[in-house]
Amino acid sequence: MEIALKGIAVSPGVSIGPAYPFQVKNFDVPKHTITDVLAEKDRLNEAFEQARDELKALRDQTRDELGDQQAAIFHSHLDMLDDVAFKPEIERRLDEEKVNADWLVHDLISSYTRMMEQIEDPLFRERSMDFVDIGRRLLKILLQHDKETLEHLEKPSVVIAHDLTPSETTDMDMPNTLGIATDEGGPTSHMAILARAFEIPAVVGLRVAGSRVAPGDTMIVDGTRGFVIIRPSEST
């Protein structure tokens, strides 16, 4: 049965293809007591250094492919990573609570994201995705987990997700990404900026699309008018 949804048009164009639902699993971060605080701080510092190197490489890659404006997204991620209130706060809690650094990173990012989501200004709310992006990057390093990406799609597809971070968008298999549809997000989100730069039709703010679509369902993404049609009829 055809389902038509109205969202926010953020990147013009129309595409049609099979749905590729993308869902990032939440990290399972256990909390445990540590005995060697200095060693845990060293582990934290190494994770920050690796994240910094990865972001610099991503910034340079984006500059080469898209230009300075889009590369500035990852420059802002570097600024967030180096924020005077970020790592020192984790180190302070390490000293006081003596628990593992990965749990503290997870707790801090989660708390900040919840706070940002309560702010009515959509620009501030959308920037919470940048902190999610940075948090996932740090946790991936600390937990030594492989990051889920959209780098290799088996066939040309429409990517559908709850939301997409800038890193997930930049890592997309561009030749096989026909369109993007997300339940969250807005026109000023970094994902939207990157979708426009890559000239991929995109609609955001659909709210319930992720729960209405199954892998392989035919989808139409109208990034000009802001419509998404799931399982379109022949007449459509």
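Everything in this summary refers to the structure shown in the same document. (Residues numbered from 1 in each chain as written. Predicted model: local features only at pLDDT ≥ 70, side-chain atom pairs only at ≥ 80, totals over all residues. Heavy atoms only, no water.)

## Structural notes on the packing of aromatic side chains
Aromatic ring pairs are described here by two measures, namely the spacing of the ring centres and the angle between the planes. Short version of the rule: When two rings of Phe, Tyr or Trp (its six-membered ring) have centres within 6.5 Å they constitute a pair, described as stacked for plane angles under 30 degrees, edge-to-face for angles over 60, and tilted for the intermediate range. Put simply, DSSP marks the helices as runs of H or I at least four residues long and the strands as runs of E at least two long, and each gets a number from the N terminus on. Each residue is assigned to one of three classes by its accessible area relative to the maximum for its type, calculated with a 1.4 Å probe on protein chains only: buried under 20%, partly exposed between the two thresholds, exposed over 50%. A ring is scored as having a charge over it whenever the NZ atom of a lysine or the CZ atom of an arginine sits within 6 Å of its centre and within 35 degrees of its normal.
Going through the model one piece at a time under the given rule, you end up with 1 aromatic pair. Residues Phe48 and Phe86 carry aromatic rings whose centres are separated by 5.5 Å and whose planes lie at 65 degrees to one another, so their mutual orientation is edge-to-face. In this pair, Phe48 sits in helix α1 (residues 37-65) while Phe86 sits in the loop between α2 (68-81) and α3 (87-97), placing the two residues 38 residues apart along the sequence. There is no split in this pair, since Phe48 and Phe86 are both buried. Lys31 extends its terminal NZ or CZ atom over the ring of Trp103, reaching a point 4.3 Å from the ring centre. Over the aromatic face of Phe48 sits the side chain of Lys87, whose NZ or CZ is 5.8 Å from the ring centroid.

## So, the environment of Leu153
As a reminder of what qualifies: We call two residues in contact whenever any of their non-hydrogen atoms come within 4.5 Å of each other.
Its place among the elements puts Leu153 in the loop between α5 (122-143) and β4 (157-161). Distance in space between the C-alpha atoms of Leu153 and Phe48 is 30 Å, their sequence separation being 105 residues. When neighbours within four sequence positions are excluded, Leu153 is seen to be in contact with Tyr20, Val159, Asp173, Asn176 and Thr177.

## Observations regarding unusual backbone geometry
In this structure, Arg207 is a non-glycine residue whose phi angle is positive, near 70 degrees. In this structure, Arg207 sits in the loop between β6 (202-204) and α8 (209-212). Even without a glycine there, the phi angle at Arg231 is positive, about 50 degrees. Residue Arg231 is classed as partly exposed on the basis of its relative accessible area of 30%.

## Structural notes on the nonpolar core
Across soluble globular proteins, nonpolar side chains show a tendency to be buried alongside one another. Just so we agree on the cut-off: In this text, buried Ala, Val, Leu, Ile, Met, Phe, Trp, Tyr and Cys residues form a nonpolar core when linked through side-chain atoms within 4.5 Å.
Counting residues in hydrophobic clusters, the biggest one holds 48 residues, and the most contacted among them are Leu81, Phe86, Val105, Leu138, Leu164 and Ile180. Of all the secondary structure elements, the ones that give two or more residues to this core are α1, α2, α3, α4 (101-117), α5, β4, α7 (190-198) and β6. With residues up to four places along the chain from it excluded, the contact list for Leu164 reads Phe22, Met129, Leu150, Val159, Thr169, Met172, Ile180, Thr182 and Met191.

## Section: the pairing of strand β5 (residues 177-182)
We count it as follows: Pairs of strands are assigned from DSSP output, requiring at least two bridges between the strands. Handedness of a crossover: with both strands directed away from the viewer, a clockwise path from the first strand across the helix to the second marks it as right-handed.
Summarising burial for β5: 5 of the 6 residues are buried, a large majority. With 5 bridges joining them, β4 and β5 adopt parallel strand pairing. Bridging across to β5, Val158 finds its partner in Gly179. Taken together, the 2 bridges between β5 and β6 define a ladder with parallel strand orientation. Across the sheet, the residue bridging to Ile180 is Ala202, located in β6. As a crossover connection, the stretch from β5 through α7 into β6 is right-handed.

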